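What follows is the residue order along each chain.
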Amino acid sequence: MKVLINAYAVCPGMGSEPGMGWHWTTGIAHHCEVYVITESEFREKIEEAVSRLPQRANIHFFWNETTPEVRKMCWNQGDWRFYWYYEKWQKRTYHMAKEICRKEKIDILHQLNMIGFREPGYLWKLSQETGIPFVWGPTDAKEGFPKAYLTGLTVKHRMFMTLKSFISKMQLKYNRRVDMAARTAATLLAASREGVESMRKYKGLEAVLMNETGCETEDGMTEKNVRKGVLNILWCGKLDVRKQLSLAIRTMKELKASETEAMLHVVGGGDNAMYVSLAKECGVEEEITWHGMVNHEEVQQLMRRCDIMLFTSLAEGTPAVVLEAIANSLPVVCHDCCGMATAITDEVGRKIPLSDPTGSVSDFARVIKSLAEDRVTLEELSRNCGERRKQLSWEKKAEEMVAIYRKARKKCIR
């Protein structure tokens, strides 16, 4: 099959959206001939990496360049100005895709990333014009931030998250292009259970649940042994309100009160002044190590040295760091929501229900204390990561996506 993929963010050796774009496109290229339209920020890295791939003859990149200013807006999550420029980028992509379809007999049109549902691009329109089956996703179409957790935020952050949730609902209900893309798709893919529910609730459509991230399998698994003494806990993410680092700090207070010896390692960029102040208020400043922003390899090393990853986030797709933890035999303790709810099973971690900030802190502390006291179970969770890694591998995901392409072709007779 010849597949045309719209992926704004693609880059080898990165996590998040660029890494996701890279793994999907290169993985699918093992099975199909792929034509990828992407932004050119990482062109040199892409071309160098592609030149070393065995499937390089099956990959064709087309560059839709934007400006350094727009790129800065893109990386500054929360900068709403980006969407205006991003929509212009998608229009140019549509015309590029149209030209590619004139020259090549494309079998599938795939809107891959960014995974946010607000900007669905225009490949759906090209599908209507040409009859070529259109696949959208995995996309992250959640209604918004859990209301019960707004109480733990500042007034400014409460207002922002409330407004964002309201806008999300309105766009799910009334945005014409979102509606057209969803209804044109031969297959609609959702990155989380919440995304499946949103499409069912607002569009009356059934989406296929598929996490947008996967595990790399090139490196061997790291064996972890039962260790007594201080339990090393890793927290990894951007220091913003969605990630809820405050819950991890308050969990450390509960662990200290229960005489559970633990050290929290915090990795991530952003202003940590508020969190350092909270740690002092909770009396756990000595139990927290602030690593700041570190490179990808250092994060992997920390994962191999730590005993548990505590992932407190409430508003995600499927975080790359959670899959990286599994690849490094690091059990994950997280909320039972977003993409983590699907990726993490009882064999490789523990999930707690969404309730409210007080309930989450109590549940996190209870689960971590239990694992600190039962290192045999903790080691078993670590060993089980090997099998889960295979189940979530990029190779397996690429095979699943190609199977979806085949079904989409059967649905749509050209």
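Look up: the structure comes first, before these words.
Basis of the calculations
Residues numbered from 1 in each chain as written. Predicted model: local features only at pLDDT ≥ 70, side-chain atom pairs only at ≥ 80, totals over all residues. Heavy atoms only, no water. Phe/Tyr/Trp six-rings, centres within 6.5 Å; stacked < 30°, edge-to-face > 60°. Helix = DSSP H or I, 4+ residues; strand = E, 2+ residues; numbered from the N terminus. Buried < 20%, exposed > 50% of the residue type's maximum accessible area, 1.4 Å probe, protein only. Pairing = 2+ DSSP bridges. Axes fitted to C-alpha atoms, helices over the stretch in contact; angles between N-to-C directions. Contact = heavy atoms within 4.5 Å. Right-handed = clockwise from strand over helix to strand, strands pointing away. Salt bridge = Lys/Arg side-chain N within 4 Å of Asp/Glu carboxyl O.

## Topic: the packing of aromatic side chains
Argument step 1. Summed over the entire model, instances satisfying the criterion amount to 12 aromatic pairs.
Argument step 2. Between the aromatic rings of Tyr 8 and Tyr 86, the centroid separation amounts to 5.2 Å while the plane-to-plane angle is 80 degrees, which identifies the pairing as edge-to-face. Taken together, the residues span a long stretch of sequence, with Tyr 8 in the loop between strand 1 (2–7) and helix 1 (16–28) and Tyr 86 in helix 4 (residues 81–103) at a distance of 78 residues. A single burial state applies to Tyr 8 and to Tyr 86, both of which are buried.
Argument step 3. When the ring of Phe 82 is compared with that of Tyr 86, the centres are 5.1 Å apart and the planes differ by 15 degrees; the resulting orientation is stacked. You can see Phe 82 and its partner Tyr 86 sitting in helix 4, four residues apart, about one turn around the helix.

## A look at the pairing of strand 12 (residues 332–335)
Residues in a regular strand point their side chains to alternate faces of the sheet.
Argument step 1. Examined bridge by bridge, strand 11 (residues 308–311) and strand 12 share three bridges and lie parallel to one another. By the bridge assignment, Leu 310 is partnered in strand 12 with Val 333.
Argument step 2. Inspection of the sheet shows strand 12 paired to strand 13 (residues 349–352) by four bridges, in the parallel sense. Bridged to Cys 334 within strand 13 is Lys 351.

## Here we look at the sheet that holds strand 10 (residues 288–292)
Strand pairing in a sheet takes place through backbone hydrogen bonds and is either antiparallel or parallel in direction.
Argument step 1. Taken in spatial order, the six strands make up an open sheet running 10-9-8-11-12-13, and their pairing is parallel. For this open sheet the edge positions go to strand 10 and strand 13, each flanked by a neighbour on one side alone. Between one strand axis and the next, the sheet turns through 20 degrees on average, direction left out of account.
Argument step 2. Against the sheet, helix 9 (residues 245–257) contacts strand 8 (231–236), strand 9 (262–267), strand 10, strand 11 and strand 12, and its axis sits at roughly 170 degrees relative to strand 9.

## Looking at the environment of Met 401
Argument step 1. Its location among the elements puts Met 401 in helix 16 (residues 394–411).
Argument step 2. Residues Met 401 and Ser 355 lie 46 residues apart in sequence; the distance between their C-alpha atoms is 34 Å.
Argument step 3. If we skip the residues at most four places from it in the chain, Met 401 touches Trp 24, Ile 28, His 110, Gly 137, Pro 138, Leu 189 and Met 210.

## Some details on the environment of Val 267
Argument step 1. One can find Val 267 in strand 9.
Argument step 2. Beyond its immediate chain neighbours, meaning those up to four positions away, Val 267 contacts Leu 234, Trp 235, Cys 236, Gly 237, His 291, Gly 292, Val 294, Val 299 and Leu 302.

## Quick word on unusual backbone geometry
Argument step 1. The amide bond that connects Asn 113 to the next residue, Met 114, takes the cis arrangement and shows omega of 15 degrees.
Argument step 2. With respect to the helices and strands, Met 114 occurs in the loop between strand 4 (108–113) and helix 5 (123–130).
Argument step 3. Note that the residue after Gly 137, namely Pro 138, is joined by a cis bond; omega there is 5 degrees.
Argument step 4. Relative to the helices and strands, Pro 138 is located in strand 5 (residues 134–139).

## Focus: the sheet that holds strand 4
Argument step 1. An order of 3-2-1-4-5-6-7 is seen for the seven strands of this open sheet, with the pairing classed as parallel. Both outer strands of the open sheet, strand 3 (59–63) and strand 7 (208–209), are each paired with one neighbouring strand and no more.
Argument step 2. As judged from the three bridges shared by strand 5 and strand 6 (residues 187–190), these two strands associate in the parallel manner. Following the sheet pairing, Val 135 is matched in strand 6 by Thr 187.

## Concerning the pairing of strand 10
Argument step 1. Of the pairings in the sheet, the one linking strand 9 to strand 10 comprises four bridges and is parallel in character. Pairing of Leu 264 across the sheet is with Ile 288, part of strand 10.
Argument step 2. Taken together, strand 9, helix 10 (residues 273–282) and strand 10 constitute a β-α-β crossover, and its handedness is right-handed.

## Notes on the pattern of salt bridges
Argument step 1. By the definition in use, this model includes 23 salt bridges.
Argument step 2. A salt bridge links Glu 99 to Lys 103, with the shortest nitrogen-to-oxygen separation between them at 4.0 Å. Of this pair, Glu 99 and Lys 103 both sit in helix 4, four residues apart, which is roughly one turn of that helix.
Argument step 3. For Glu 99, a relative accessible area of 34% gives the class partly exposed.
Argument step 4. For Asp 107, the salt bridge is made with Lys 105, and the minimal N-O distance between the two is 3.8 Å.

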